[in-house]
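# Fold and geometry: a report
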Amino acid sequence: MNGLKYTIVQTPRGAKDILPKEAYLKSRLEQRAAAFVEEWGYARVYTPTFEFYDALAQGDGPVIADSLYRFVDREGETLALRPEMTIPIARMVATRYRPDEMPLRLYYIGSVFRYAEPQAGRHREFTQVGIELIGAKGPRADAEVAALAAGLLESLGLASFRLDLGHIGYFQGLVEAVSDSRAATEMKEALLSQDYVRYEAVVKESGLEADRQRALLALPTLRGGEDVLDAARSLAQGSPRALAAVDNLAAVYGLVKAYGLTDRVGIDLGITKDLDYYSGLLIEGYTPELGFTLGSGGRYDQLVSRYGQDFAATGFAFGVERAMLALDRQGWREPGQPPAEVLLIAGDEQQALLFELAARLRRRDVRIEVDVSGLALEEALAYARRKGIAKVVRIIGQDGDAPQVEAMLASGEPWPQGPDELLGA
Ligand code: AMP
């Protein structure tokens, strides 16, 4: 394009411009989500876009480090762009709040940055909307986050989505007897990448006793409704940790039922996470339109303490771009930003009158566009038609303090009651 190098005219891979139509939809979704979580008592916070590298790595060393945009500032400090928001919020809460301020209900909307292989729904800069419930232990807090997650996805207007609940303690309990820690890591990785052939092979080579292997092999099938909990319990006999996980999940699910959400929320004990800060309940949200998660979260009781103060916590986040992609694929059409209702034009001598009239109409919430190109009437009408502006008003003179106007529809038809409608009352 026009002979300029691509680094001058293109955005980096995985980062994109958002033009008004899409931007309008994006901001509407964000506003809707914000209004929804505020009704549940969550308060908005902002954290810096970049942090000390060490602060982020403290949250989850290896996984995080792999995906970070890292740089050195002029003071020689190593900084990084935040790859998610839970870690910065954990740092913020540990350093800025006291125990007597708990529980805290916080939410955020912000850009995060990760080295990811770009494709539809996978960007290197994307926006997450999330909630964190901090300083609250126990199933009620987890159930609130799960219910809020379901409500949040619903508030976006998604026709179909599903939320699955799992528990990190189930898998951890089943593998804790594995003598080779690499085998447990390999199993987790295979589950994460849904490579069940490899998963089965690693389980069979793990040296675990037969019952434990049977439970691990069943893991990817332990999904569905409440009955999955009974199956999970009978498979986990002999692992107190896995059984405790099932009990905790059952307690949360009981509350989810009380919220009346069982048609939206199911159980999936095969959920695993690459981040190691999760410590309890796990949440994932899906829609059939996407090949990856729409949202995710869970309990992270040990994360905040890495920053100096110990608070239990649980949360959930979804990706706005993914929600937009899912909505688009569901055939949902949000009307774009409405055009101005009136285009005002005037000659050089009437500019002050024009500004005054425009201001007066805007105070009455009429959307006004003011011509800045010196359009003649015919040109103004053509422009209004092109932009979908219904009416054109031209200032032709002055009557005392009041402007004299000529008002017409964009079609060129007269709009006889126009001046009264605009200037009266
Ligand atoms: P995570 O923090 O990886 O659990 O992701 C939480 C949510 O953020 C996902 O469910 C997605 O909606 C969104 N997300 C994660 N990675 C990307 C990405 N590379 N591009 C767009 N959205 C993403």
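Scroll up to find the structure.
Residues numbered from 1 in each chain as written. Predicted model: local features only at pLDDT ≥ 70, side-chain atom pairs only at ≥ 80, totals over all residues. Heavy atoms only, no water.

This next bit is on the site of the ligand. In the vicinity of the ligand, 13 residues are found, and the nearest of them are Arg114, His123, Thr293, Leu294 and Ser296. At 2.8 Å from an oxygen atom of the ligand is found a side-chain nitrogen or oxygen belonging to Arg114. Gly121 is positioned such that a nitrogen or oxygen atom in its backbone is 3.5 Å from a nitrogen atom of the ligand. Considering the ligand on its own, with 480 Å² of exposed area, one finds that the protein chains cover 87% of that surface. Counting only elements with at least two residues in the shell around the ligand, the list comes to β6 (125-134) and β11 (295-299). Its residues assigned to classes, the shell around the ligand shows three nonpolar, seven polar and three charged. (Near = heavy atom within 4 Å. Polar contact = N/O pair within 3.5 Å; in protein donor to acceptor, adjacent residues only side chain to side chain. Areas by Shrake-Rupley, 256 points an atom, 1.4 Å probe, with all protein chains shown as cover. Helix = DSSP H or I, 4+ residues; strand = E, 2+ residues; numbered from the N terminus. Nonpolar A, V, L, I, M, F, W, Y, C, P; charged D, E, K, R; others polar.)

This part is about the packing of helix α2 (residues 20-39) against helix α13 (residues 320-329). Direction vectors running N to C along α2 and α13 enclose 110 degrees, while the axes themselves pass 10 Å from each other. On the basis of their axis angle, the class for α2 and α13 is roughly perpendicular. Between α2 and α13 the crossing geometry is right-handed. On α13, the residues that touch Glu22, Leu25, Lys26, Leu29 and Glu30 of α2 are Val320, Glu321, Met324 and Leu327. Split into classes, the residues belonging to the contact of α2 with α13 amount to five nonpolar, no polar and four charged. (Axes fitted to C-alpha atoms, helices over the stretch in contact; angles between N-to-C directions. Parallel < 35°, antiparallel > 145°, perpendicular 65-115°, else oblique. Left-handed = near helix turned anticlockwise from the far one by under 90°. Contact = heavy atoms within 4.5 Å.)

Attention now moves to the pattern of salt bridges. A complete count under the given rule lists 26 salt bridges for this structure. A salt bridge links Asp142 to Arg299; the shortest N-O distance between them is 2.9 Å. Of this pair, Asp142 sits in helix α6 (residues 139-155) while Arg299 sits in strand β11; the two residues are 157 residues apart in sequence, bridging distant segments of the chain. Take Asp142 and Arg299: they sit in the same class, and that class is buried. With a closest N to O distance of 3.6 Å, Arg223 and Asp164 form a salt bridge. Highlighted residues: Arg223 in strand β8 (residues 223-224) and Asp164 in strand β7 (residues 162-167), separated in sequence by 59 residues. For Asp164, a relative accessible area of 0% translates into the label buried. Overlapping salt bridges, with partners in common, bring together Arg162, Asp164, Arg223 and Asp268 in one network. (Salt bridge = Lys/Arg side-chain N within 4 Å of Asp/Glu carboxyl O. Buried < 20%, exposed > 50% of the residue type's maximum accessible area, 1.4 Å probe, protein only.)

Pro103 follows Met102 through a cis peptide bond whose omega is -5 degrees. Among the secondary structure elements, Pro103 is positioned in the loop between α5 (86-96) and β5 (104-113). Within the chain, Gln194 stands out as a residue other than glycine whose phi angle is a positive 55 degrees. Along the chain, Gln194 falls in the loop between α8 (181-192) and α9 (196-204). Gln194 sits in the exposed class, given a relative accessible area of 56%. The phi dihedral of Asp365 falls on the positive side, at around 65 degrees, and the residue is not glycine. Counting through the fold element by element, Asp365 comes out in the loop between α14 (351-363) and β14 (368-370). Residue Asp365 is classed as exposed on the basis of its relative accessible area of 67%.

Time to look at helix α7 (residues 168-175). Most of α7 is tucked away, with seven of its eight residues classed as buried. The inward-facing, buried residues of α7 abut β7, α8, α10 (210-218), α11 (227-235), α12 (240-258) and β10 (281-286).

Quick look at the environment of Ala147 now. In this fold, Ala147 is placed in helix α6. In this structure Ala147 comes out as buried when scored by relative accessible area, which is 3%. Here the alpha-carbon distance between Ala147 and Val256, two residues 109 residues apart in the chain, equals 6.6 Å. Setting aside anything within four residues of it in sequence, one finds Ala147 in contact with Trp40, Tyr259 and Leu261.

Inside soluble globular proteins, nonpolar side chains tend to come together where they are buried. Residues Leu165, Tyr170, Leu216, Leu219 and Phe318 are the most contacted members of the largest nonpolar core, which totals 77 residues. Take this core: its biggest share by element is 10 residues, from α6. Discounting chain neighbours no more than four positions away, the residues touching Leu219 are Tyr170, Phe171, Leu174, Leu191, Tyr199, Leu269 and Gly270. Grouped together as the second largest cluster of nonpolar side chains are 34 residues, Met85, Leu275, Tyr277 and Val304 included. (Core = buried A, V, L, I, M, F, W, Y, C linked by side-chain atoms within 4.5 Å.)

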